[in-house]
Amino acid sequence: MERINKTWILRRRPEGEVSDGDLELVEGPVRALEEGEVCLRTLYLSLDPTNRIWMSDREQYMPPVAIGDPMRGGGIAVVEESRFDGLEPGDIVNTGLGQWSLYQVKPGKEVNKLPVLPGVPLTAYMGPIGMTGMTAYCGLMYIGQPKPGETVVVSAAAGAVGSMVGQIAKIQGCRVVGIAGSDEKCEWLTKTAGFDAAINYKKEDVGAALDKHCPDGIDINFENVGGEIMDEVILRLNDFARMPLCGLISSYNATEPVPGPYNFSMLLMRHVTLKGFIVTDFMEHFAEGRQAMASWLLEGKLKFATDVVEGLENAPTSLERLFTGKNLGKLVVKVSDAP
Ligand code: NDP
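Residues numbered from 1 in each chain as written. Predicted model: local features only at pLDDT ≥ 70, side-chain atom pairs only at ≥ 80, totals over all residues. Heavy atoms only, no water.

1. Remarks on the sheet that holds strand β11 (residues 175-180)
By way of backbone hydrogen bonds, the strands of a sheet pair with one another, either parallel or antiparallel.
Okay, step 1: Across the sheet, which stays open at both edges, the six strands sit in the order β12-β11-β10-β13-β14-β15 with parallel pairing between neighbours. A single partner strand is all that each edge strand has here, and the edge strands are β12 (197-200) and β15 (273-276). When the angles between neighbouring strand axes are averaged without regard to direction, this sheet yields 15 degrees.
Okay, step 2: Pairing between strand β10 (residues 151-155) and β11: five bridges, direction parallel. Within β11, the position partnered with Val153 by the bridge is Val177.
Okay, step 3: Contacting β11 and β12, helix α4 (residues 183-192) runs over the sheet at an angle of about 170 degrees to β12. (Pairing = 2+ DSSP bridges. Helix = DSSP H or I, 4+ residues; strand = E, 2+ residues; numbered from the N terminus. Axes fitted to C-alpha atoms, helices over the stretch in contact; angles between N-to-C directions. Contact = heavy atoms within 4.5 Å.)

Rendered as structure tokens:
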């Protein structure tokens, strides 16, 4: 049976927000498999802020997507055909560093078969027990090193990573304050995810709200955003605070160099440990992280939200949801039906 593929190709580097013409959806036949390869049909595509970084040629942690290449992205897929021992049609896998396409042919050794956890939806494998969950778990546990009674502040708190960070910190016995961009998100954080307080940075004076909700200062700043929000948090860090620097989403669409942070000297004055990290730095801890997150999920201690957009053709425009804050929780594109 000939399979017709649809693939998003990067045609030019976006200036600011992704716009029409930056990517093109092309159709073509899927090639025959060679020994050791599998043909995957994408079920869900994970949309991540890093997709935007990979579209640019700014200095980054891995090579950007080349112009003319398929757009890079992770996701969950089903094996349609296999010439690889250990994977067979019908298996559900994590595509690893896959692409924005309906089908993809990959070496079988580059994809991981997902464990079947009864009662856990497929989208959780991109959220709490996927890469965003590992980012939250490893960044918080190994860099943040939370201790009971400490105060943790997390930005982009109602997003995929942030919402997990706050809940893991609560499980560790911390006081948790989230910063997010709407009343609806703040309500979800305090009422559903169990945060102690949430600050709507679009409506409130962030500094004054931090003073109110963090009367004993801040011991851990899990940083996802950068810019003015980060500056306000830095100003309130305690002596020997830790700062896992996970992301700086406020600057990913910037076309000019971004100024600041203005309160950088506080890192010196308060003996702060700041560590930038990429989740793959912690690969040796993924098995432990997945086990912990899966247990908490099954025990009902972790709530997670998924923002599902329908259709591969909507992937580029949906990426903007991450930058306008339209998503609550993990943003995914449903590409095709699970078997
Ligand atoms: P989210 O689900 O958190 O979505 C991004 C959120 O960021 C939006 O919902 C929006 O929420 C907020 N945001 C966007 N622009 C701004 C802005 N200018 N100012 C303040 N908030 C903004 O995405 P992820 O959980 O996938 O990623 C969160 C962060 O973690 C990103 O910085 C990302 O790059 C980083 N990351 C890093 C990894 C690593 O290995 N280091 C791995 C995965 C993610 P709101 O409505 O609150 O504004």
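Structure shown, so let's carry the discussion forward.
2. Some words on the site of the ligand
Okay, step 1: The full set close to the ligand counts 27 residues, and Val161, Lys185, Tyr201, Val279 and Asn327 are the nearest of them.
Okay, step 2: In this structure, an oxygen atom belonging to the ligand sits 2.6 Å away from a side-chain N or O atom of Lys185.
Okay, step 3: Here Tyr201 contributes a side-chain N or O atom positioned 2.5 Å from an oxygen atom of the ligand.
Okay, step 4: For the ligand, whose free accessible area comes to 900 Å², the fraction covered by protein is 90%.
Okay, step 5: Within the residue set of the shell around the ligand, elements represented by two or more residues are α3 (160-171) and α10 (321-324).
Okay, step 6: Formed jointly, the shell around the ligand draws a minimum of three residues from each of two domains, domain 1 (4-122 + 305-334) and domain 2 (131-283 + 289-296). (Near = heavy atom within 4 Å. Polar contact = N/O pair within 3.5 Å; in protein donor to acceptor, adjacent residues only side chain to side chain. Areas by Shrake-Rupley, 256 points an atom, 1.4 Å probe, with all protein chains shown as cover. Domains from an automatic or database assignment.)

Take it as geometry only, folks, not as evidence of what the structure does.
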